Amino acid sequence: MSGKVDLEEQYRAQWPALVRLGRLLTGSQAAGEDVAQEAYIGLLRAGAPIDNVPAYLRRSVVNQCINAGRRARNERAYLSRQRESFIEPAEVDDMWQRLRRLPVRQRTVLVLRYYEDLSEREIAHVLGCKPGTVKSLSSRALDQLRKDLS
């Protein structure tokens, strides 16, 4: 899809999936909505025509979630130095706790594969890596989850 993008049509078509992806990667509905909104802002700011708008938006959401994860880790580290405890939001369940302990790229691969139902090739495109890297990230993540559950 090159040339002028019908942003309203793209918004209606992509919004629910982008919010879900953001929620699954961040663990928060509000954060999922925020990163999806930021993806559309990025689309508006894009100087050149975008050939594959859904892929552009999905990659933008993933990148923003990774950045948000970095910011959250920095904030938690700062807060842990300031006070004794950190209280997790009520929306965080047991499985999400296990997923959050995984490295960001491993967690992202699992969410894109099992929640977004993307192929290894599509995940590799979103992450900017080779399909073999996706396979190894997925394998390591699943091994770690199995260990956590046993």
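Residues numbered from 1 in each chain as written. Predicted model: local features only at pLDDT ≥ 70, side-chain atom pairs only at ≥ 80, totals over all residues. Heavy atoms only, no water.

Caption draft 1: Main features of the packing of helix α6 (residues 120–127) against helix α7 (residues 131–149). Relative to each other, α6 and α7 sit at 100 degrees, their axes nearing to 8 Å. Taken together, the axes of α6 and α7 are roughly perpendicular relative to one another. Where α6 approaches α7, its residues Glu-120, Arg-121, Ile-123 and Ala-124 are matched on the opposing element by Pro-131, Val-134 and Lys-135. Split by residue class, the contact of α6 with α7 holds four nonpolar, no polar and three charged. (Axes fitted to C-alpha atoms, helices over the stretch in contact; angles between N-to-C directions. Helix = DSSP H or I, 4+ residues; strand = E, 2+ residues; numbered from the N terminus. Parallel < 35°, antiparallel > 145°, perpendicular 65-115°, else oblique. Contact = heavy atoms within 4.5 Å. Nonpolar A, V, L, I, M, F, W, Y, C, P; charged D, E, K, R; others polar.)

Caption draft 2: Quick peek at the packing of helix α1 (residues 7–26) against helix α5 (residues 104–115). Orientation of α1 relative to α5, taken along the N-to-C sense of each, is 140 degrees, at an axis distance of 10 Å. With respect to α5, the element α1 is oriented oblique. At the point where α1 passes α5, the crossing takes the right-handed sense. In contact with Arg-20, Leu-21, Leu-24 and Leu-25 of α1, α5 contributes Arg-107, Thr-108, Val-111, Leu-112 and Tyr-115. For the contact of α1 with α5, the residue count by class is six nonpolar, one polar and two charged. (Left-handed = near helix turned anticlockwise from the far one by under 90°.)

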